[in-house]
Amino acid sequence: MTVNLMIDGLACEAAPGQHVLDVARQNGVEIPTLCHHEALAGQACCRLCVVEIEEASGSRDVVVSCTYPAKEGLKVSTNSEQVRRLRRTVLTLLAERAPLAEGALPAYCQEYGVTGYDLRFTVDKDEKCILCGLCTKACAELGNSAIETTLRGVDKQVAPPFDEPPAACIGCASCAEVCPTGAIACEDADGVRTIWEKEFELLRCEACGKPFATAEELAWLKERLLDTELNLAYCPSCRGKMSLKDLT
Amino acid sequence: MILAQEKLTELLQAYPPERQHTLAVFQDIQKECGYLPKEHIVAAADYLKVPLSQAYAMATFYHTFSLTPRGKHVIKVCDGTACHIKDSKGVLQSLERLLGVGLGGTDADGLFTIETVACLGCCALAPAMQIGEEYYGNLTDEIIAEVIADYRRREAGEVVA
């Protein structure tokens, strides 16, 4: 069963309940996002993916496309003047919160003509984090729930318990990997990974010899994949070239 | 004050080891200790099977929990709309003069800590404050001085007895 909707005048088919953002991207319509990650969907936090919609009933609204379900007869406008104006406001606020954010945020600011932030609203001039929560979600799902958002209101931040190097951290760096603004420092140098003020020795891939994972990460994986016969000592790149027989 | 292992175990085991009881456990710990000691947060997270990061996030999210030791009596000065208009700032200044310590601080005797709350829910008594389970309303400098003196007399009496 599928539903039919229009995105920017383009007729699209979608599974019922599929999110408008995903439908748009499948059909080549680009919508900007910061807090969206395919593997960790449903954050709906950065609000950059706002779109205008008109339901089949004729009612109109502005919604975040990353969590809005596709419906029969829905008309979506992803780049109207109102949408662009809203995105400028969102970008201004995010850029003021995190003046040193790297990557997509400054790029979108440029694209949308957001310049000269009002530093009256900037809490910390060195801030890179927009508090989207992707890192804590990644840590909970892929890692070991080592970090969380702590405190609240203007003091809210992403941090390990008691602001100490987190005992639960396995050094998988999923948090740094998904961060859209480069706010989590993770350095691999001389076979040692430093993250959250903790140091991990990096193990070398048994095939290519490149450092690729921490011992803690592999031990944690083994524990989760209880009955696995798989040899985890190969890096993802080498693993991809091997047959299942080579890996067991 | 850190609880003895036996006492802590008893406190924790009053609840099933499920995450939904985290806040209740924290409230009990704070009632006993006056704050949430780090080792008790760790023990509670372990018992309730909640990741420490999430337990810590909860402990820091709620204004009612303190992670640092507080005075024997916590004075909560109401700074809700009604009290604010009725000069809650004057109440704070009065307490500061009497205790020699400002908002968030604990006096030299370790007897009082001064905090504010958004609303005590007794706006007809504005300006108001709460000490422990007691409410004090229609505050003036004189009333505040008398209340503090009363607590100090009682403490002194306890020490003598």
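Thresholds, definitions, all that
- Residues numbered from 1 in each chain as written.
- Chains lettered and ligands numbered in written order.
- Predicted model: local features only at pLDDT ≥ 70, side-chain atom pairs only at ≥ 80, totals over all residues.
- Heavy atoms only, no water.
- Contact = heavy atoms within 4.5 Å.
- Buried area = accessible area lost by both parts, 1.4 Å probe.
- Salt bridge = Lys/Arg side-chain N within 4 Å of Asp/Glu carboxyl O.
- Polar contact = N/O pair within 3.5 Å; in protein donor to acceptor, adjacent residues only side chain to side chain.
- Nonpolar A, V, L, I, M, F, W, Y, C, P; charged D, E, K, R; others polar.
- Disulfide = S-S within 2.5 Å.
- Helix = DSSP H or I, 4+ residues; strand = E, 2+ residues; numbered from the N terminus.
- 1 Å grid on protein atoms, 1.4 Å probe; cavity = no way out; pocket = protein on both sides within 12 Å on 5 of 7 lines; lining within 4 Å.
- Points joined across faces, edges and corners; volume = space filled by probe spheres on them.
- Axes fitted to C-alpha atoms, helices over the stretch in contact; angles between N-to-C directions.
- Left-handed = near helix turned anticlockwise from the far one by under 90°.

Undergrad: I tried to follow the interface of chain A and chain B on my own but got confused; where do I start?
TA: For interface size, the figure often reported is the accessible area lost on association. Counting from both sides, the interface comprises 13 residues of chain A and, opposite them, 13 residues of chain B. For the pair chain A and chain B, the summed buried surface comes to about 1,100 Å²; carbon and sulfur atoms form 66% of the total. When the buried area of chain A at its contact with chain B is split by residue, A:Glu148, A:Arg152 and A:Phe162 rank highest and sum to 51% of it. For the interface between chain A and chain B, the tally reads one salt bridge. Of the charged contacts, one joins A:Glu164 and B:Lys38 as a salt bridge, the two residues approaching to 2.6 Å between their closest N and O atoms. Where chain A packs against chain B, one counts four residue pairs in polar contact (both at pLDDT 80 or more). Residues that form the side of chain A that touches chain B fall into these classes: six nonpolar, three polar and four charged.

Undergrad: Looking at this model, I keep getting lost on the state of the cysteines. Mind explaining?
TA: Disulfides are covalent bonds that connect the sulfur atoms of two cysteines. Residues and elements named next belong to chain A. Across all of its chains, the model carries zero disulfides over all chains by this definition. You can see Cys 45 has no disulfide; the closest cysteine sulfur is in Cys 35, sitting 5.2 Å from it. Residue Cys 235 stays outside any disulfide, its sulfur separated by 3.6 Å from that of Cys 238, the closest cysteine.

Undergrad: I'm lost on unusual backbone geometry in this one. Help?
TA: Of note, the amide linkage connecting B:Ala126 to B:Pro127 takes the cis form, showing an omega dihedral of -5 degrees. With respect to the helices and strands, the residue B:Pro127 is situated in the loop between strand E2 (112-117) and strand E3 (129-131). Positioned with a positive phi, A:Ala44 is a non-glycine residue whose angle comes to about 50 degrees. Assignment of secondary structure puts A:Ala44 in the loop between helix H1 (20-26) and strand E3 (50-54). With a phi angle near 65 degrees, A:Ala173 is a residue other than glycine that sits in the positive phi range. Note that A:Ala173 resides in the loop between strand E7 (157-159) and helix H5 (174-178).

Undergrad: Got a minute to help me understand empty space enclosed by the protein in this structure?
TA: Using a probe with the size of a water molecule, rolled over the atoms, empty space left in the structure can be pinpointed. For the coordinates displayed, the defined rule picks out one cavity of 30 Å³ or more. A class-by-class count of the residues in the lining of the largest cavity yields ten nonpolar, three polar and no charged.

Undergrad: Where do I start with the packing of helix H1 (residues 5-12) of chain B against helix H2 (residues 22-33) of chain B in this structure?
TA: If you want to describe how two helices pack, look at the angle between their axes and the distance between the axes. Residue and element names in this part refer to chain B. Where H1 contacts H2, the two axes come as close as 10 Å, and the packing angle between them is 145 degrees. With respect to the hand of their crossing, H1 and H2 are arranged in right-handed fashion. Contacts between H1 and H2 involve Lys 7, Leu 11 and Leu 12 on the former and, on the latter, Val 25, Asp 28, Ile 29 and Glu 32. Residue classes in the contact of H1 with H2 are distributed as four nonpolar, no polar and three charged.

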